[in-house]
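# Coordinate analysis (summary)
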Amino acid sequence: MMVRLSGSLRTPGPTIARSKCRPWPVRSDAAPSTGPFPDHLDSGPVSLTLGIVGLPNVGKSTLFNALTRSDVLAANYPFATIEPNVGVVPLPDPRLAELAKVFSSVKIVPAVVSFVDIAGIVKGASEGAGLGNKFLANIREADAICQVVRVFHDDDVIHVDGRIDPLGDIETVNTELILADLQTLEKALPRLEKEARNAKDRQPVLEAAQAANAVLDSGRTLFSARTEIELPLIRELSLLTAKPFLYVFNSDEGALTDEASQQALRNVIAPADAVFLDAQVESELLDLDEESARELLESVGQHEPGLYSLARAGFHTLGLQTYLTAGPKESRAWTIKQGATAPQAAGVIHTDFERGFIKAEIVSYDDLMAAGSMAAAKAAGKVRIEGKGYLMHDGDVVDFRFNV
């Protein structure tokens, strides 16, 4: 049985289960949205999870509200967020709207980013202080750590330590994560030493764990030392600081226009990505029309919503990219790891596509747009037939063929 995919998924059997994420409204004319967010989007499967962490009252829940358009409690009180709240937001991708025009697609389905709002962390969390135990359990399930750091000044919003000190806040959170990892290693090392004595293939794991312990003892995160340690060897330990880090500096207008201060903070948290935004402004943007939103952004020195930058930074932090499919039913972005092969990319749609992969018909987005249609791209020799060894590129427009 051969099945060909052209933009939308077609299978001869039962309908493939859709994501349980709440779908975005779909407009029948599929016209581009005029607001700060598209409003004819459907929701694809969750592709990554960023755990939003930080000290109390740094703006985590305000940011989460803006990300998800939901009503998570955002009170000026430590530990107001007790249970983790999960929201799925689209990755901004203007290419999808252009594909929808070419293929007369009814809807657009972007790649998505999943954010988890986690209870505020305080000094002593690694020992269970505050809601430390719950915090550590929840963040362990995230794929990356998105630390919100307070830069804004507001006398009406108390700081847990009574002062605005971004570097101090970063150190507090990182210290708790480092201490938690040291506790994990303290328990794991005796077991790994015993295993290494009995099985030679466990020796590299032990050595990696010992190297990780030394890094943590020096006060550094494992992510910052990822080029010095074989972190994949100790993935079984689920060490918190081995996760990729992303920093969101919740700023006010003064900080958003102070490039020197921003660069100083970027230098401190490198090699992690940094995003500067005003969470309160991001929330206000959602209630404005396009012109008013543009004026508000310009007033704080921004050319686009900070949430766009955050979504893209989240994608980059986890080493992800997208390929595209398009047809009358939908134009869709699919999430894959950088370096994924064509069969692996096909498997994101359905495991049968990977198992029975035959070939992929591929054209780059830029070549397709320059040609104006798939027929014209084929006539110009821009459409390629690729096999199992092909490494996908961001922006590939793909038609898979498989047989099961």
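Whatever comes next refers back to the structure up there.
Description of the structure in this document. Predicted model, so just to flag it, every value in this text is computed and none were measured.

Attention now goes to the overall build of the protein chain. For the protein chain, the helix and strand inventory stands at 14 helices and 13 strands. Taken over 404 residues, the protein chain has a buried fraction of 51%. Partitioning the intrachain contacts of the protein chain with sequence separation of at least 6 by distance along the chain shows that 69% fall at a separation of at least 24.

Moving on to the pattern of salt bridges. By the definition in use, this model includes 15 salt bridges. Across the salt bridge formed by Glu 195 and Arg 202, the nearest N and O atoms sit 2.8 Å from each other. Note that Glu 330 and Arg 332 form a salt bridge whose closest N and O atoms lie 2.8 Å from each other. Grouping residues by exposure puts Glu 330 and Arg 332 together as buried. A single salt-bridge network, built from bridges that share partners, covers Arg 191, Glu 195, Arg 202 and Glu 236.

What follows deals with the pairing of strand β10 (residues 330–337). The buried count for β10 comes to seven of eight residues, which makes it a mostly enclosed element. With seven bridges connecting them, strand β9 (residues 320–326) and β10 associate as antiparallel partners. Pairing of Thr 322 across the sheet is with Thr 335, part of β10. What sits between β9 and β10 in their antiparallel hairpin is a turn of three residues.

With that settled, consider the sheet that holds strand β8 (residues 273–277). Backbone-to-backbone hydrogen bonds join strands into a sheet, with any given pair of strands oriented parallel or antiparallel. Spatially, six strands are ordered β3-β5-β2-β6-β7-β8 in an open sheet, and the strand pairing comes out mixed. Taken across any chain shown, the strands that pair with only one partner, and hence form the sheet edges, are β3 (85–90) and β8. Between one strand axis and the next, the sheet turns through 25 degrees on average, direction left out of account. Sheet topology places strand β2 (residues 49–53) next to strand β6 (residues 144–150); four bridges connect them, and they run parallel.

In total, this model carries eight aromatic pairs according to the counting rule given. Between Tyr 247 and Phe 249 the ring centres are 6.4 Å apart and the planes differ by 20 degrees, which places this aromatic pair in the stacked class. Each member of the pair, Tyr 247 together with Phe 249, is buried. A cation sits over an aromatic face here: Arg 226 above Phe 223, 4.4 Å from the ring centre. For Arg 332, the ring lying beneath its charged end belongs to Trp 334, and the centroid distance is 4.4 Å.

Turning to a negative patch on the surface, a few remarks are in order. A cluster of acidic side chains, namely Asp 289, Glu 291, Glu 295 and Glu 298, defines a negative patch on the protein surface. As for its placement among the helices and strands, Glu 291 is situated in helix α9 (residues 290–299). The exposure class assigned to Glu 291 is exposed, which follows from its relative accessible area of 51%.

Criteria and thresholds
Residues numbered from 1 in each chain as written. Predicted model: local features only at pLDDT ≥ 70, side-chain atom pairs only at ≥ 80, totals over all residues. Heavy atoms only, no water. Helix = DSSP H or I, 4+ residues; strand = E, 2+ residues; numbered from the N terminus. Buried < 20%, exposed > 50% of the residue type's maximum accessible area, 1.4 Å probe, protein only. Contact = heavy atoms within 4.5 Å. Salt bridge = Lys/Arg side-chain N within 4 Å of Asp/Glu carboxyl O. Pairing = 2+ DSSP bridges. Axes fitted to C-alpha atoms, helices over the stretch in contact; angles between N-to-C directions. Phe/Tyr/Trp six-rings, centres within 6.5 Å; stacked < 30°, edge-to-face > 60°. Lys NZ or Arg CZ within 6 Å of the ring centre and 35° of its normal. Patch = residues over 30% accessible without salt bridge, like charges linked within 9 Å, V, L, I, M, F, W, Y side chains within 5 Å. Areas by Shrake-Rupley, 256 points an atom, 1.4 Å probe, with all protein chains shown as cover. Lys, Arg positive; Asp, Glu negative; His and termini not counted. Charge placed at Lys NZ, Arg CZ, Asp CG, Glu CD.

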